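Structural characterization, general
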Amino acid sequence: MDRNQFMRAAIALAEKNVAEGTGGPFGAVIVRNGEIIGEGTNRVTSANDPTAHAEVVAIRNACEKLGTYNLAGCEVYTSCEPCPMCLSAIYWARLDRIFYGNTKADAAEIDFDDAFLYTEIPKPISERTIPTKQILHDESIKAFRAWAVSEDKIPY
């Protein structure tokens, strides 16, 4: 398959998801060495999971199939430019490339507007919409200190 075929696979997943009423109009596939190894559709409403975006579902699927959390050597084809959460997940998964169909502006036109998140992220914590306060730092830091000296940790 070529890149256009992989994108068409992501688009087909998005269209099927709309037709079946199982979530928003988003689909994604993860590809390694010319083979689809993971796929996902938006399952936010059907799974009652706000993190079940197509890219995240595809990443979870690919990681489970490969038995790893590291998808270096893989590409993601997604029917829409990734939102901030999905973009972060793509980076955490170490994917090599992102190919997308629709833009975030296209998504905003149908009421999937991520602009708020893009403006919220760079704000100082004290200025964000959701009140956020640090508590119990002295207790929380103990786990970090244990991790720092652990000989059993697997860095990621």
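Read on for an overview of the structure.

Reading the values: the criteria
Here the residue numbers are simple positions, counted from 1 along each chain's written sequence. Given that this is a predicted model, residues contribute local features only at a pLDDT of at least 70 and side-chain atom pairs are listed and counted only at 80 or more, while totals for whole chains, interfaces and linings are drawn from all residues. Hydrogens and waters are ignored; side-chain quantities use all the structure's heavy atoms. In short, DSSP must find at least two bridges between two strands for them to pair. Each helix is a run of DSSP H or I of at least 4 residues and each strand a run of E of at least 2, with the numbering of both proceeding from the N terminus. Buried Ala, Val, Leu, Ile, Met, Phe, Trp, Tyr and Cys residues that are joined via side-chain atoms within 4.5 Å together make up what is termed a nonpolar core. Summary of the burial criterion: residues with accessible area below 20% of their type's maximum are buried, those above 50% are exposed, and those between are partly exposed, where the area comes from a 1.4 Å probe applied to protein chains only. Throughout, a residue-residue contact means that at least one pair of heavy atoms, one from each residue, lies within 4.5 Å. Polar contacts, as used here, are pairs of N or O atoms within 3.5 Å; protein pairs need one atom able to donate a hydrogen and one able to accept it. Residues neighboring in sequence count only if both atoms are side-chain atoms. Here an angle of 0 to 180 degrees is reported between the N-to-C directions of two axes, which are lines fitted to C-alpha atoms, with helices fitted over the stretch in contact. Small angles under 35 degrees read as roughly parallel and large ones over 145 as roughly antiparallel, with 65 to 115 read as roughly perpendicular and the rest as oblique. Left-handed describes a crossing whose near helix is turned anticlockwise from the far helix by less than a right angle; the clockwise case is right-handed. Residues are grouped as follows: Ala, Val, Leu, Ile, Met, Phe, Trp, Tyr, Cys and Pro are nonpolar; Asp, Glu, Lys and Arg are charged; all remaining types, including Gly, are polar.

1. Observations concerning the pairing of strand 2 (residues 35-41)
Successive side chains on a regular strand alternate, one facing one side of the sheet and the next facing the other. Sheet topology places strand 1 (residues 27-32) next to strand 2; six bridges connect them, and they run antiparallel. Residue Val-29 lies in a different strand from strand 2, and its bridge partner there is Glu-39. Here strand 1 folds back onto strand 2 in antiparallel fashion, the turn holding two residues, of which Asn-33 has a positive phi close to 50°.

2. Thoughts on the nonpolar core
A general tendency of soluble globular proteins is for nonpolar side chains to be buried together. The biggest cluster of nonpolar side chains holds 21 residues, and the ones touching the most others in it are Ile-30, Ile-59, Leu-71, Cys-74, Val-76 and Leu-95. Among the elements of the structure, strand 1, helix 2 (54-66), strand 3 (74-80) and helix 3 (84-93) are those that each provide at least two residues to this core. If one sorts the elements of this core by residue count, helix 2 sits on top with six residues. With eight residues, the next largest nonpolar core counts Met-7, Ala-9, Leu-13 and Tyr-77 among its residues.

3. Focus: the environment of Arg-3
Position of Arg-3 relative to the elements: it lies in helix 1 (residues 3-20). Between the C-alpha atom of Arg-3 and that of Gly-34, which follows or precedes it by 31 residues, the distance is 8.9 Å. Sequence-distant contacts of Arg-3, defined by excluding residues within four places in its chain, comprise Glu-75, Tyr-77, Arg-97 and Phe-99. A distance of 3.5 Å separates a polar atom in the side chain of Arg-3 from a polar atom in the side chain of Glu-75.

4. Examining the packing of helix 2 against helix 3
Running from N to C, helix 2 and helix 3 point in directions that differ by 25°, and their axes come no closer than 8 Å. By the angle between their axes, helix 2 is roughly parallel relative to helix 3. Viewed along their axes, helix 2 and helix 3 form a crossing whose handedness is left-handed. Facing helix 2, whose interface residues are Glu-55, Val-56 and Ile-59, helix 3 presents Met-85, Cys-86, Ala-89, Ile-90 and Ala-93. A class-by-class count of the residues in the contact of helix 2 with helix 3 yields seven nonpolar, no polar and one charged.

5. Quick notes on the environment of Pro-155
Here Pro-155 is to be found in the segment after helix 6 (137-149). Setting aside its immediate chain neighbours within four residues, Pro-155 contacts Tyr-69 and Trp-147.

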